[in-house]
Each structure stands twice: as C-alpha cells, then as structure tokens.
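Residue-level listing of the chains:
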Amino acid sequence: MATEPLAGAPSGRPAGSRLFAAGAAAGHAAHLAAYGPVPRHGRDWSLAQELEASGLTGRGGAGFSAWRKFAAVDRARRPARYAGRAGRSVLIANGAEGEPLSFKDATLLHNAPHLVIDGLLAAAEALGAGSLFIYAGAARLPALAAALAERSDARHIALLEAPDAFVAGQSSAVVSFLETGRALPRDVAGRLADGGFQGRPTLVHNVETWAHIALVARYGAGWFRAEGTAEDPGTRLVSVTGDVPSEVVLEVPGGSRLDGVLASAGVAGDAVSAVLVGGYHGRWVRPSGVVLGGGGVPGGGPESGSVRPGAGVVHVLARGRCGLAATARMVEYLAGQSARQCGPCMFGLPALAGAMERLAAGRGGPELVREVGRLSGLVAGRGACHHPDGTVQLVGSALETFADDVRWHLAGQCQETGGAL
Ligand code: SF4
C-alpha cells in the first residue's frame, strides 16, 4: 500500500488518502478517529440522491453507475417490502478479486475493512436490506471476522469464502455461490436487482465501491467530487504490477494520466513498452497521453485518449519484452478459467489460446492472424457471461498495439527481444 500521510483531517474529513486515512490494518477505534461516525442525517437527506450526485461508478471492473444499481434495487424491493424477510433486499460486498494482476481489494480489506462494513450498513438502512454478506478469499476472512467482532452493529453481516477462480467474482457467480455453493456465472441478461439471491432484489458491489459509498454517506457528493474530473469523479485504487520497482497499490484521482500513475510507482516512462490496463479482460496501450477514465467516459478506448481502468489494474511491460508472448500466456490462463458451461467458451478459448501461442512463437504465416480474427469472432458474444468477450478484447488490443511485432513474428523474428523465434 502506498499512501500519503494525512496533512490534516478537518471536520473528520481525510485530507490525504481517502481510503487508507486510518492507517495500516486499522481497527475500529483508528477508523473512527480518522473518519468519525456516519452522521445521522435529516429527513430530507437521501443516500440515493447523494450517490446520484456523486457520479460514483463501480470499482470492480464494469464501471456501472453505483446509483443506478442502487436505484434498481430500491425500485424492485418496493412491491415486495410487505412480503416479510423473504422480500427484503440482499447486499453483497464482493472482494473475490479473481483477477490475477489485482491486489487492491485484498489491500483494502486488510487495511480498511470498517469502511466496507460502513458502506454496507449505510445502504442497508436506506434499502431496508434483510441480508448482508462479504464475499472474499480465504486469506481475507480472519481479519474480516475480527473487524466484525469489534463492533456491535455489524454482527449480522455474514462472511463467505470465495473460490480462487477468475470468474468467481462476477456478480452473477457470487449469487450462484450463495445459492448452490458453486460460483458459476449466470446468463448476463438476468438482472440481479429484480431476481438475485432467492429471487430477492440483490445489490452486488466490489468492496472498494462499498468503501466509497461509506464516504459519500459521511461527507456527501460534493466532497466526493472534489477529487477527479467531472466525467470520472473521486479516487480509485490501482494495482501496479509487472516490470516495476515494486508492486504497489496506489489511490489516484479519476482522470489521472497513465504516465503520471507510472511515475508515482517509480516507473520511468522511457523504459515502458506497453501497459495492460484493466487486467486480463483489459486492453494493451502505449501509455503516453492516455488517461485512466471511468466507466462514464464516452468511447473509453485508447483511440479516444482514455482507457477504462476495469478492475484497477496497471500492468507494465518493459522495453525488450514481447507483448505477444505475454498476451499468449494470459489467453492460455483465461482459456483454463472457463466455467465450462458454454460451448464457444469451453472450446473456442483453447483454440484461440493455441493460435496466439503459435503467433507468439512465430509458427505460421498471415493466415494465422486471420485465424485469430476468425476464432475471436466465433466466441465473442457467445457466452452466458462476459468471459469470452473480455478475452477477445485482450487479444484484439494486443494485435492493435503490437501490430509491428506481429509482422516481425510472421517473419520469424522478435523485434523486442532482438532474436530469432
Ligand atoms: S461464457 Fe465461459 S465462463 Fe462464462 S458462463 Fe459460459 S462457460 Fe462459464
């Protein structure tokens, strides 16, 4: 974790790092000293309105509007609110972090578990929620259990051990895990707000999103927007990994320039070949002039000068390292992470991984690039979840960003490593 020391905390509002203001491994007393209690608001105050005004987007990958998800659950619960507990909404803090290049959620849960808990409790009060869960990997659970035991208002929050699998953190997989014990994604068409766990209105947010909700509930939308840009307000955590002096989690304002993020992590810009932004379902970009934009940035692609941060991953590839070989390894991993429910995903991703491996190894001619395109077209949009689409996005961005390397590889050479393939 890399955080700035607090310059001061007037009115209990953190003036340095927002999410790590209470310090390392903060207990409840340190948390309250840094942030103060969640205030009792008047009747005219509403969390939904503050979330809408804040512009907070999800920090787990898809970047949906936090307010829209909140409002959808609020609408869905109203007809059912007289139906007793079974009709009451379900709130889940998702800290599964199946993305191999991300460790920001683990860092947040270790250092600031009480912010996540506060976010859940604030939303539970607003939504009249009946069931609250925190879903996280086995290594995170003891500290979370200790945090829950420290406070009398959180003993009804249940902990769930997330399986260690890439797709286990997808929202629909989290709900499947609750119902069946197996974290298998469901059809993307199903809306959890209308029929999630046991058919109840269900709100799943990444743990970092819940921590920001806790801060919006304390300090309001105006404070939240004091950092970041109009299109991408607030701060976000990013895991900086790869060819870096040391892997680090940074809290950066929305709309940060990617080269600035790299500099904060001690990475010299001229040593960088490319950066994978967003994780294994993300995009390769050349970092110069690129802005880490939020989910609300139109286009969101590198051609628009902005790239969606996805799960907050910034993975550095140094000059002299082959981007095609790195991508081939990732696609092979992703093919192995199929939940094996959908044919195109189950059979298409290994075929795509094989084609990328041959391209990286320089085994094939121009027909190989066409084959990668053909296989990508066969799997895109053909899964019950986003896994095939995310994999195709990674491959497409590699072919674009490393287009020169592709030509060299087809000629049996790698220009980055300077050797014959
Ligand atoms: S697309 Fe793949 S990962 Fe997603 S549900 Fe189908 S088989 Fe599972």
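Keep in mind the model is a prediction, meaning the values are calculated, not measured. (Residues numbered from 1 in each chain as written. Predicted model: local features only at pLDDT ≥ 70, side-chain atom pairs only at ≥ 80, totals over all residues. Heavy atoms only, no water.)

**Student:** Please set out the site of the ligand residue by residue, giving values where relevant.
**Tutor:** The ligand sits among 13 residues. The nearest are Ala339, Gln341, Cys342, Cys345 and Cys385. For the shell around the ligand, the class distribution of residues is eight nonpolar, four polar and one charged. (Near = heavy atom within 4 Å. Nonpolar A, V, L, I, M, F, W, Y, C, P; charged D, E, K, R; others polar.)

**Student:** Before we move on, can you summarise the side chain of Thr202 with the specific residues and values?
**Tutor:** As for its placement among the helices and strands, Thr202 is situated in strand β4 (residues 202-206). Polar side-chain contacts of Thr202 include one of 3.0 Å to the backbone nitrogen of Phe197. Ignoring anything within four residues of it in the chain, the contact list for Thr202 reads Val73, Val90, Ile92, Val175, Leu192, Ala193, Gly196 and Phe197. (Helix = DSSP H or I, 4+ residues; strand = E, 2+ residues; numbered from the N terminus. Polar contact = N/O pair within 3.5 Å; in protein donor to acceptor, adjacent residues only side chain to side chain. Contact = heavy atoms within 4.5 Å.)

**Student:** Account for the sheet that holds strand β3 (residues 157-161), with residues named and values stated.
**Tutor:** On the basis of which strands lie adjacent, the open sheet formed by four strands has the order β3-β2-β1-β4 and parallel pairing. Each having just a single partner strand, β3 and β4 make up the two edges of the open sheet. Shown here is a sheet whose adjacent strand axes are inclined to one another by a mean of 20°, direction ignored. Where strand β2 (residues 131-136) meets β3, five bridges bridge the pair, whose relative direction is parallel. Opposite Phe133, over in β3, you have Ala158 as the bridge partner. (Pairing = 2+ DSSP bridges. Axes fitted to C-alpha atoms, helices over the stretch in contact; angles between N-to-C directions.)

**Student:** Can you tell me about the packing of helix α5 (residues 113-127) against helix α6 (residues 141-149), naming the residues and giving the values?
**Tutor:** It is the contact of α5 with α6, at a shortest axis distance of 10 Å, that shows an interaxial angle of 60°. Judged by the angle between their axes, α5 and α6 are oblique. At the point where α5 passes α6, the crossing takes the right-handed sense. Here α5 contributes Pro113, His114 and Ile117 to the contact with α6, which in turn contributes Leu144, Ala147 and Leu148. (Parallel < 35°, antiparallel > 145°, perpendicular 65-115°, else oblique. Left-handed = near helix turned anticlockwise from the far one by under 90°.)

**Student:** Lay out the packing of aromatic side chains in plain terms, naming residues and giving numbers.
**Tutor:** By convention here, two paired aromatic rings are described through the distance between centres and the angle between planes. With the rule as written, the count across this model stands at seven aromatic pairs. An angle of 70° between the planes, with centres 5.3 Å apart, marks the rings of Trp284 and Phe402 as edge-to-face. Pair noted here: Trp284 is in strand β8 (residues 283-285) and Phe402 is in the loop between α14 (387-401) and α15 (403-410), with a separation of 118 residues, a long-range link. Taken as a pair, Trp284 and Phe402 share a single burial class, namely buried. Clustering of aromatic rings is evident, with ring pairs tying together Phe166, Tyr280 and Tyr333. Positioned above the aromatic ring of Trp223 is the side chain of Arg18, whose terminal nitrogen or guanidinium carbon lies 3.8 Å from the ring centre. (Phe/Tyr/Trp six-rings, centres within 6.5 Å; stacked < 30°, edge-to-face > 60°. Buried < 20%, exposed > 50% of the residue type's maximum accessible area, 1.4 Å probe, protein only. Lys NZ or Arg CZ within 6 Å of the ring centre and 35° of its normal.)

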